[in-house]
Amino acid sequence: MPELPEVETTRRGIAPHVEHKRITELQVRQPRLRWPVPEQLGQWIQGDQVQSVERRAKYLLLRFARGTLILHLGMSGSLRIQPAGSPAGKHDHVDFILESGQLLRLTDPRRFGAVLWQENGTLHPLLASLGPEPLDNAFDAEYLQACCKGRKTAIKSLIMNAEVVVGVGNIYANEALYRAGINPRRAAGRIAAARLASLVDAIKVVLAQAIEQGGTTLKDFVGGDGKPGYFKQELAVYGRAGEPCLSCGEPLSEVKLGQRSTVFCRQCQR
DNA sequence: CTAAGGACCTGTCGGC
DNA sequence: TGCCGACAGGTCCTTA
């Protein structure tokens with residue numbers, strides 16, 4: 001589920017149910033996620049109020065008086081608000097029971113997600129070397145040009161590197177490169193400045209649009225019925241290998257790049 | 001330092 | 001129907 005738009009959608013969905021609410025109890029059924037859930041987490045947050053729900057990159061940050069709860073959804077994670085006492089399924093690993101009579105439940109079949117803690121006054125290593133937010137003004141043409149200078153790595157790998165810019169996952173990397181007319185395998189250092197500028201624009205447009213559409217998915221997602229998916233979204237290339245390019249009609253090509261499926265149009269992307 | 005590959009884990013889907 | 005391999009929205013860590 002979680003590319004940045006889904007994480008932001010999740011944030012918006014849970015925030016009204018969680019902010020300014022006290023955590024009365026923590027239930028960890030499966031502590032073995034990407035990293036172990038800290039054993040003392042319950043002591044640190046029980047009885048304390050969530051002050052705010054923020055997002056940095058694909059991390060959700062729940063601010064408490066003494067520190068920050070860091071949540072990551074990995075490849076298959078989701079967060080839902082449910083009535084307290086709802087029976088837990090096989091992959092419902094962690095419950096945050098709220099004073100409101102609801103609970104915030106982390107479900108994650110593949111367990112690539114994470115539940116971590118950052119004490120006030122410290123910076124968690126995972127958050128230490130993140131690049132700018134893609135929708136932030138700090139992510140602009142000049143910045144991306146500087147990142148690309150002298151780099152031989154494929155442009156797609158570069159924009160998926162969180163030290164360069166956060167939140168660009170496989171789907172939207174494919175989509176943004178298509179929009180910008182850039183071949184995903186092109187060496188980052190060998191792309192003209194003007195084309196990198198349009199790539200910056202494409203990334204912003206694609207993500208902003210997806211966040212807007214995520215709003216539609218939101219109710220299902222958080223409400224707990226429907227599977228979150230991209231069925232509502234207009235993806236030009238992702239998942240369309242072999243189908244005609246929407247612009248020129250040429251069948252879209254697929255290659256592996258850094259183990260990730262990469263779909264593009266040989267005609268339109270150079 | 002950069003770049004590429006493996007690793008983590010489960011579920012699903014297509015082919016035989 | 002059953003089994004097996006390939007693949008899936010992420011990203012850290014190791015290796016070259």
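These numbers were taken from a predicted model, which means no experiment stands behind them.

Conventions used here
Residues numbered from 1 in each chain as written. Chains lettered and ligands numbered in written order. Predicted model: local features only at pLDDT ≥ 70, side-chain atom pairs only at ≥ 80, totals over all residues. Heavy atoms only, no water. Helix = DSSP H or I, 4+ residues; strand = E, 2+ residues; numbered from the N terminus. UniProt positions renumbered as here; feature names shortened; annotations may be inferred. Pairing = 2+ DSSP bridges. Axes fitted to C-alpha atoms, helices over the stretch in contact; angles between N-to-C directions. Expected span 1.5 Å × (residues − 1). Buried < 20%, exposed > 50% of the residue type's maximum accessible area, 1.4 Å probe, protein only. Near = heavy atom within 4 Å. Polar contact = N/O pair within 3.5 Å; in protein donor to acceptor, adjacent residues only side chain to side chain. Nonpolar A, V, L, I, M, F, W, Y, C, P; charged D, E, K, R; others polar. Salt bridge = Lys/Arg side-chain N within 4 Å of Asp/Glu carboxyl O.

1. Things to note about unusual backbone geometry
Part 1 of the reasoning: Positive phi values are uncommon outside glycine, yet A57 reaches one of about 55 degrees.
Part 2 of the reasoning: Along the chain, the position of A57 falls in the loop between β2 (52-56) and β3 (59-63).
Part 3 of the reasoning: Unlike most non-glycine residues, Q259 shows phi in positive territory, near 70 degrees.
Part 4 of the reasoning: If you trace the backbone, Q259 turns up in the loop between β9 (253-257) and β10 (260-264).

2. Quick word on the UniProt feature "domain: FPG-type" (unreviewed entry) in chain A
Part 1 of the reasoning: In this structure's numbering, the residues bearing the UniProt feature "domain: FPG-type" (unreviewed entry) are residues 236-270.
Part 2 of the reasoning: In residues 236-270, the share of helix is 0% and the share of strand is 29%. The end C-alpha atoms are 17 Å apart.

3. Observations concerning the sheet that holds strand β5 (residues 78-83)
Part 1 of the reasoning: With antiparallel pairing, four strands are arranged side by side in an open sheet as β1-β6-β7-β5. Two strands bound the open sheet, and with one partner strand each, they are β1 (23-28) and β5. Averaged over all adjacent pairs, the angle separating strand axes in this sheet is 20 degrees, with direction ignored.
Part 2 of the reasoning: Relative to strand β7 (residues 102-107), β5 runs antiparallel, the two sharing six bridges.

4. Some details on helix α1 (residues 4-18)
Part 1 of the reasoning: The end-to-end C-alpha distance of α1, which contains 15 residues, comes to 20 Å, matching closely the 21 Å that a straight helix rising 1.5 Å per residue would cover.
Part 2 of the reasoning: Burial analysis of α1 places 11 of its 15 residues in the buried class, the great majority of the element.
Part 3 of the reasoning: Of all the positions in α1, only L4, P5, E6, V7, E8, T9, T10, G13, I14, A15 and V18 are classed as buried.
Part 4 of the reasoning: Within two residues after α1, H20 carries a phi angle of roughly 65 degrees, on the positive side.

5. Some words on the protein's contact with DNA strand B
Part 1 of the reasoning: Near DNA strand B you find K90, H91, P109, R110, R111, F112, R151, K152, T153 and Q259, and these make up its full shell.
Part 2 of the reasoning: Considering the 4 Å shell around the protein, atoms of DNA strand B inside it are sugar or phosphate in 62% of instances.
Part 3 of the reasoning: Measuring from a phosphate oxygen of DNA strand B, one finds a side-chain N or O atom of R111 at 2.6 Å.
Part 4 of the reasoning: K152 is positioned with one of its backbone polar atoms (N or O) 2.7 Å from a phosphate oxygen of DNA strand B.
Part 5 of the reasoning: Residues belonging to the surface near DNA strand B are distributed by class as follows: two nonpolar, three polar and five charged.

6. Re the pattern of salt bridges
Part 1 of the reasoning: Counting across every chain of the model gives 12 salt bridges.
Part 2 of the reasoning: R66 is the partner of E119 in a salt bridge, and the nearest nitrogen-oxygen pair spans 3.5 Å. Taken together, the residues E119 in strand β8 (residues 114-119) and R66 in the loop between β3 and β4 (67-72) connect sequence positions 53 residues apart.
Part 3 of the reasoning: Overlapping salt bridges, with partners in common, bring together E8, R11, R12, R55, R56 and E133 in one network.

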